Amino acid sequence: MAKAASPYGWIAKSLATLQRAKWHRQVQPIEGKGGTTITLEGRPCLNFASNDYLGLAGDDRLAAAAAAAVKTYGTGSTGSRLLSGHRPIHDELEQAIARLKGTEAALVFSSGYLANLGTIAALVDHRDLIVADQYNHSSLQMGARLSGATVVVYEHNRLEQLEQCLCERRSHHRRCLVVTDSVFSMDGDLCPLPAILDLAERWNAMVLVDEAHGTGVLGATGGGAVEYLNCRHRPLVQIGTLSKALGSLGGYVTGSAELIDFLRNRTATWIYTTGLSPADAAAARTAIAILHQEPHRLTQLAHNGDYLRQQLDQLQIQYLDSESPIVCIPVKDAATVLALGQQLRQQGIFVAAVRPPTVPTSRLRMTVMATHSQQDIDRLVHTIQPLMAGQGCPPAEHPHPAE
Ligand code: PMP
């Protein structure tokens, strides 16, 4: 009898297709605690690929807080928050997040991804409309899909398209939710939040903004792009992560006390999963305390982003519009960006080589941290410059609307 074809045979073929397109991805072990210098493939490398914007992930005070929480509460929270998994440290953290963001209440999740998925699916369903930026993070896109709402995507930051969509479609749906990143993670630019909120108000729409790369990064007190853009008093749903500037793990939603009470009752990715671990919660709470006590970290982070952009300007290296610690250099295709990433690593510089399908066009993505020195940034740009010379003008095939 002929051997039956394996029902899993398609996986190898799919992997081969990814390899051919240079879309295949693999993990890379990084030794040690992270920080501005890491060990990669046995070599010390300057790290410009981390989301640890304030340099807190390796801070001894976060480690001590996490260790103390393990001693007090154990390693796992042992149940969902509504059953046996709710600990005083969760309350303390949620209050600290609400204070940082200037809102009435907050709710912590096991990750930012789960916070986005669950919150969107709790706020809208098949009767409703979601209007979303084209470059929204995967978790926002998946949340929109999961909700079953009608999803309309507008080109990146094109307010006239958002307005047209609201004008044409809003009246056909029960509720409407406008969804956007505040800081676009693969570009570094910001959304025009005040204008989005004006439009939403006019069309009776809710707004959900993802502050994953804004919180602890932007705003006079680190309250995020919402603070930076003077929108703290406006009604909106803010989501974020504890895993970037706050150096821990977990996600959160913040807004009115009513919103949080509703989500506690209706968000599947919060109700039916084990509570955030006590260690992660304690580390994040300590990070927020440090953010308040050491405001120079925020000013240094902003300075480092500006300094990197100035240096790139001086060397006439093109980069995408950026107002954040994320600065991206467009590169013509996936093979080239991978080769550049490799050459930089060989010279002791670690930056992310990002390519489709993560982004529409390939780019080197650099992130500065508050703890980088001017010399670190000088070394980055002077290593990149000769590699970029002769790369030509990117990219023709997939134009990037943000450019
Ligand atoms: N939103 C954005 C914009 C992100 O960049 C990320 C993480 N890459 C997330 C949400 C998800 O956060 P977490 O890592 O906590 O799941």
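Residues numbered from 1 in each chain as written. Predicted model: local features only at pLDDT ≥ 70, side-chain atom pairs only at ≥ 80, totals over all residues. Heavy atoms only, no water.

- With an unreviewed UniProt entry as reference, the protein is termed 8-amino-7-ketopelargonate synthase, source organism Leptothoe kymatousa TAU-MAC 1615.
- Per UniProt, the protein carries the Catalytic activity (unreviewed entry) text "6-carboxyhexanoyl-[ACP] + L-alanine + H(+) = (8S)-8-amino-7-oxononanoate + holo-[ACP] + CO2".
- Looking at the protein in UniProt, the text filed under Subunit (unreviewed entry) is "Homodimer." (UniProt positions renumbered as here; feature names shortened; annotations may be inferred.)

**A closer look at the sheet that holds strand β4 (residues 105-109)**
Then, in step 1: Across the sheet, 7 strands lie side by side as β4-β10-β9-β8-β7-β5-β6; this open sheet has mixed pairing. Strands at the two margins of the open sheet, each flanked by one partner only, are β4 and β6 (150-154). Direction aside, neighbouring strands of the sheet carry axes that sit 20° apart on average.
Then, in step 2: Sheet analysis places β4 next to strand β10 (residues 251-255), joined by 5 bridges and oriented antiparallel. In the sheet register, Leu 107 faces β10, and the bridge partner there is Val 253.
Then, in step 3: Sheet strands in contact with helix α9 (residues 257-266) are β4, β9 (237-241) and β10, and its direction is about 135° off that of β10. (Pairing = 2+ DSSP bridges. Helix = DSSP H or I, 4+ residues; strand = E, 2+ residues; numbered from the N terminus. Axes fitted to C-alpha atoms, helices over the stretch in contact; angles between N-to-C directions. Contact = heavy atoms within 4.5 Å.)

**Section: the UniProt feature "domain: Aminotransferase class I/classII large" (unreviewed entry) in the protein**
Then, in step 1: Look at the UniProt record and you will see "domain: Aminotransferase class I/classII large" (unreviewed entry) annotated at residues 44-384.
Then, in step 2: Within the segment residues 44-384, helix and strand shares are 43% and 16% respectively, and the terminal C-alpha atoms sit 17 Å apart.

**Here's the deal with the state of the cysteines**
Then, in step 1: Scanning the entire structure with this criterion turns up 0 disulfides.
Then, in step 2: Cys 191 takes part in no disulfide bond, and the closest cysteine sulfur, belonging to Cys 231, lies 8.2 Å away.
Then, in step 3: The thiol of Cys 328 is unpaired, and the distance to the nearest cysteine sulfur, on Cys 191, comes to 17 Å. (Disulfide = S-S within 2.5 Å.)

**Here we look at the site of the ligand**
Then, in step 1: Taken together, 15 residues surround the ligand, and among them Gly 112, Asp 210, His 213, Thr 241 and Lys 244 come closest.
Then, in step 2: Within the backbone of Gly 112, a nitrogen or oxygen atom sits 2.8 Å from an oxygen atom of the ligand.
Then, in step 3: At 2.7 Å from an oxygen atom of the ligand is found a side-chain nitrogen or oxygen belonging to His 213.
Then, in step 4: Summarising the interface, the protein chains cover 82% of the accessible area of the ligand, which totals 390 Å² for the free molecule.
Then, in step 5: Per-element accounting of the shell around the ligand gives the leading share, 3 residues, to helix α4 (residues 112-123).
Then, in step 6: A breakdown of the residues in the shell around the ligand according to their chemical character gives 2 nonpolar, 10 polar and 3 charged. (Near = heavy atom within 4 Å. Polar contact = N/O pair within 3.5 Å; in protein donor to acceptor, adjacent residues only side chain to side chain. Areas by Shrake-Rupley, 256 points an atom, 1.4 Å probe, with all protein chains shown as cover. Nonpolar A, V, L, I, M, F, W, Y, C, P; charged D, E, K, R; others polar.)

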